[in-house]
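# Commentary on secondary and tertiary structure
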Amino acid sequence: MSIVCIGDFGKIGTGQTEVANLIKTLSRDNEIKLILGLGDNIYPAGVQNAQDPQFQEKFEKPFSKLPRGLKFYNVLGNHDHRGNTQAQIEYSARSNRWKMYNHWYHFTKTIGDTRVGFYAIDTNLEELPFEMREKQQREIIDSLNSSKTAWNIVYGHHPYRSTGQHGDSFGELKALYDNIIATGKVHFILSGHDHDQQLFTIRDTPTLIVSGTGSETRQVPEIFRLNGDLEFHSDSLGISLLRFSKLQVIVEFYDTFGTVKYSKKINKIEYT
């Protein structure tokens, strides 16, 4: 059993349609439990209210052919913060497919025979009051420290590390990620924002995945990719898919032709 990860999927057009068709095709041969939406859910400037017709135009209709029970667990991107972010949270009560319980939240799911913890964060720290930033960090770290799940995934819009146009996190966001990693409980950090696919393998750091090709791509000069920690990158439209077992996760990157661009097995590291 698996999950799909896509960021920056909210721009209507052929790219979004191709990605939606890819997920539909993959769902025929893969038991997909859920989709992690990595932010920038509605381009170009989020929504005005929970009744905004953009929810239908840019989300419900493009993904209507997916299996009925397949839900998106979304986080907020920088483009979403240009609109009414509370409306995206409230829309969860109006949609059978869209889930966003707060600016940050966590939940657990059984993927096959494996319990997995998911920790959604709002990485747009400059948009949040100090009290919210402090509360988010405290609640996410407390939840991670008490976690008993086999795998833990933290996901937000902005990457911890990236060789794309926007680059690595810095300042307060880097400090948040550093503190989350310091719990020793995180196995994966997933993000979007840069419109490409990337995987980093860094010692004593969770596996880092960027999957921001949900509706468009962005090419950058090859010199950006000269990073010894970068194991894979692609400028193709597509998604990442994670297959879970108790002791191993297989990460696959797909383009919209259904081609596996890269695959990696991640073995479980036991934390003390």
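A brief report on the enclosed structure follows. In this text, all values refer to a predicted model and were calculated from it rather than measured experimentally. (Residues numbered from 1 in each chain as written. Predicted model: local features only at pLDDT ≥ 70, side-chain atom pairs only at ≥ 80, totals over all residues. Heavy atoms only, no water.)

Let us look at the nonpolar core. The biggest cluster of nonpolar side chains holds 56 residues, and the ones touching the most others in it are Leu36 and Tyr155. With five residues, the single largest contributor to this core is helix 1 (residues 14-29). What Tyr155 contacts, discounting residues up to four positions off in sequence, is Leu36, Gly37, Leu38, Tyr73, Val75, Tyr105, Phe107, Phe118, Tyr119, Ala120, Ile121 and Leu190. In this structure, Leu128, Leu173, Leu176 and Ile181 belong to the second largest nonpolar core, which totals 21 residues. (Core = buried A, V, L, I, M, F, W, Y, C linked by side-chain atoms within 4.5 Å. Buried < 20%, exposed > 50% of the residue type's maximum accessible area, 1.4 Å probe, protein only. Helix = DSSP H or I, 4+ residues; strand = E, 2+ residues; numbered from the N terminus. Contact = heavy atoms within 4.5 Å.)

The next thing to look at is the sheet that holds strand 11 (residues 230-234). What the seven strands build is an open sheet, ordered 5-6-7-8-10-9-11; its pairing is mixed. A strand with exactly one partner marks an edge of an open sheet, and here the two such strands are strand 5 (105-111) and strand 11. Within the sheet, the average angular offset between the axes of one strand and its neighbour, ignoring direction, is 15°. Of the pairings in the sheet, the one linking strand 7 (residues 151-155) to strand 8 (residues 188-191) comprises three bridges and is parallel in character. (Pairing = 2+ DSSP bridges. Axes fitted to C-alpha atoms, helices over the stretch in contact; angles between N-to-C directions.)

Here we take up the layout of surface pockets. A volume near 270 Å³ is recorded for the second largest pocket. Along the wall of the second largest pocket there are 13 residues; nearest its centre are Glu126, His158, Ser169, Phe170 and Leu173. Broken down by class, the residue content of the lining of the second largest pocket amounts to four nonpolar, six polar and three charged. (1 Å grid on protein atoms, 1.4 Å probe; cavity = no way out; pocket = protein on both sides within 12 Å on 5 of 7 lines; lining within 4 Å. Points joined across faces, edges and corners; volume = space filled by probe spheres on them. Nonpolar A, V, L, I, M, F, W, Y, C, P; charged D, E, K, R; others polar.)

A separate point is the environment of Asp122. Of note, Asp122 is situated in the loop between strand 6 (114-120) and helix 4 (130-145). Ignoring anything within four residues of it in the chain, the contact list for Asp122 reads Leu76, His81, His103, Trp104, Leu128 and Gln136. Within the local environment of Asp122, its side chain forms a polar contact with the side chain of Asn124, the two groups lying 2.9 Å apart. (Polar contact = N/O pair within 3.5 Å; in protein donor to acceptor, adjacent residues only side chain to side chain.)

Everything listed is a geometric property; what it means functionally is a separate question.
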